Amino acid sequence: MSLKPAVSKTDHTQGKKDADIVIVEYGDYQCPYCGAAYPILKEIMKKYGSQIQFVFRNFPLSEMHKYARPAAIVAEAASIQGKFWEMHDAIYENQEYLSEPFLLELAEKLELDPHQFNTDIKKLEVAEKIDSDFESGVMSGVNGTPSLFVNGKKFNGGPEDLLQLMSEIVK
């Protein structure tokens, strides 16, 4: 399966802008497997971040994970204030505490403007961004999380396999 649509300026990216290697994760903030993948993906970025680009797309499995979508909404709202990655990391690092009050607490900890934040979490474009990420995942053949794509192709291993692959291909 290949990634649809290609990575664009609407995506959340970190690392090297025009990297030869682009990793896309479709993730669910409440998924235990995404939680387990998170430190490994962080390690990949720490080691190879100057040579690769990492992209996160929302794929909340709301049927199974009650707080997946609220967490995605909070991360997207934080993005409007330029703190997407800080919120993304804070959610994964505190995954076992997920609840609506806790998500609001994180916004306070990250010193987001509370008035703007409370307005942004209700914005239609925040919901639409999550829906559009989710639809792109469905079109790309994502059926669980985390789903990883490397240079537009579905990566069939887990995060550990990806770390191993990076050590072989990134010099």
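Above this text you will find the structure in question.
Residues numbered from 1 in each chain as written. Predicted model: local features only at pLDDT ≥ 70, side-chain atom pairs only at ≥ 80, totals over all residues. Heavy atoms only, no water.

J.: What am I meant to see in the packing of helix α3 (residues 84-93) against helix α4 (residues 100-109) here?
T.: Pairs of packed helices are described in terms of their axes, by the angle between the two and the distance that separates them. With their axes 10 Å apart at the nearest point, α3 and α4 run at an angle of 135 degrees to one another. With respect to α4, the axis of α3 lies oblique. By crossing handedness, the relation of α3 to α4 is classed as right-handed. From α3, Met-87, Ala-90 and Ile-91 reach across to α4, where they touch Leu-103, Leu-106 and Ala-107. (Axes fitted to C-alpha atoms, helices over the stretch in contact; angles between N-to-C directions. Helix = DSSP H or I, 4+ residues; strand = E, 2+ residues; numbered from the N terminus. Parallel < 35°, antiparallel > 145°, perpendicular 65-115°, else oblique. Left-handed = near helix turned anticlockwise from the far one by under 90°. Contact = heavy atoms within 4.5 Å.)

J.: What am I meant to see in empty space enclosed by the protein here?
T.: Unoccupied space between atoms shows up once a probe the size of one water molecule is rolled over them. Under the defined criterion, the tally for this structure stands at one cavity of 30 Å³ or more. Empty space within the largest cavity amounts to approximately 50 Å³. What lines the largest cavity is simply Gln-14, Glu-25, Tyr-38, Leu-41, Lys-42, Met-45, Phe-54 and His-88. Here the residues of the lining of the largest cavity are counted per class, giving four nonpolar, two polar and two charged. (1 Å grid on protein atoms, 1.4 Å probe; cavity = no way out; pocket = protein on both sides within 12 Å on 5 of 7 lines; lining within 4 Å. Points joined across faces, edges and corners; volume = space filled by probe spheres on them. Nonpolar A, V, L, I, M, F, W, Y, C, P; charged D, E, K, R; others polar.)

J.: What is the right way to read unusual backbone geometry from this model?
T.: Across residues other than glycine, the phi torsion is negative in most instances, and most of the peptide bonds are trans. In this structure, Pro-5 follows Lys-4 across a cis peptide bond, with omega equal to -15 degrees. Following the sequence through the fold, Pro-5 ends up in the segment before β1 (12-15). Each neighbour pair has its own omega, and for Thr-145 with Pro-146 the value is -5 degrees, a cis peptide bond. Tracing the backbone shows Pro-146 in the loop between α6 (124-139) and β4 (147-150). Backbone geometry places Glu-111, a non-glycine residue, at a positive phi of 55 degrees. Looking at where Glu-111 falls in the secondary structure, it is placed in the loop between α4 and α5 (114-120).

J.: Even after reading the chapter, I still don't get the side chain of Asp-89, so can you show me in this structure?
T.: Turning to its location among the elements, Asp-89 is positioned in helix α3. In this structure Asp-89 comes out as buried when scored by relative accessible area, which is 13%. A distance of 2.9 Å separates a polar atom in the side chain of Asp-89 from a polar atom in the side chain of His-88. With near-sequence residues (within four places) excluded, Asp-89 lies in contact with Tyr-38 and Lys-42. (Buried < 20%, exposed > 50% of the residue type's maximum accessible area, 1.4 Å probe, protein only. Polar contact = N/O pair within 3.5 Å; in protein donor to acceptor, adjacent residues only side chain to side chain.)

J.: Which parts of the structure should I look at to understand the packing of aromatic side chains?
T.: Both the distance between ring centres and the angle between the ring planes are used here to describe each pair of aromatic rings. In this structure the tally under the stated criterion is eleven aromatic pairs. Centre to centre, the rings of Phe-84 and Trp-85 are 5.0 Å apart; their planes meet at 85 degrees, and the pair counts as edge-to-face. Ring centres 5.9 Å apart and planes at 50 degrees place the aromatic pair Tyr-97 and Phe-102 in the tilted group. Given the relative accessible area of 48%, Tyr-97 is considered partly exposed. Cluster of aromatic residues (ring-pair linked, three or more members): Tyr-29, Tyr-38, Phe-54, Phe-56, Phe-84, Trp-85 and Tyr-92. A cation over a ring is seen here: Lys-154 above Phe-149, with NZ or CZ 5.9 Å from the ring centre. (Phe/Tyr/Trp six-rings, centres within 6.5 Å; stacked < 30°, edge-to-face > 60°. Lys NZ or Arg CZ within 6 Å of the ring centre and 35° of its normal.)

J.: Honestly, the sheet that holds strand β3 (residues 52-58) in this entry has me stumped. Any pointers?
T.: By definition, the strands of a sheet pair up through backbone hydrogen bonds, in either a parallel or an antiparallel sense. Strand order in the open sheet made by the five strands is β1-β3-β2-β4-β5, with mixed pairing throughout. If you trace the sheet from one side to the other, it starts and ends with β1 and β5 (153-155), each paired once. Geometrically, the sheet is characterised by an average inter-axis angle of 30 degrees between neighbouring strands, direction not taken into account. Relative to β4, strand β2 (residues 21-27) runs antiparallel, the two sharing four bridges. Across the sheet, Tyr-26 pairs through a bridge with Ser-147, a residue of β4. Contacts between α3 and the sheet are confined to β1, β2 and β3, with β3 contributing the most and set at about 70 degrees to the helix. (Pairing = 2+ DSSP bridges.)

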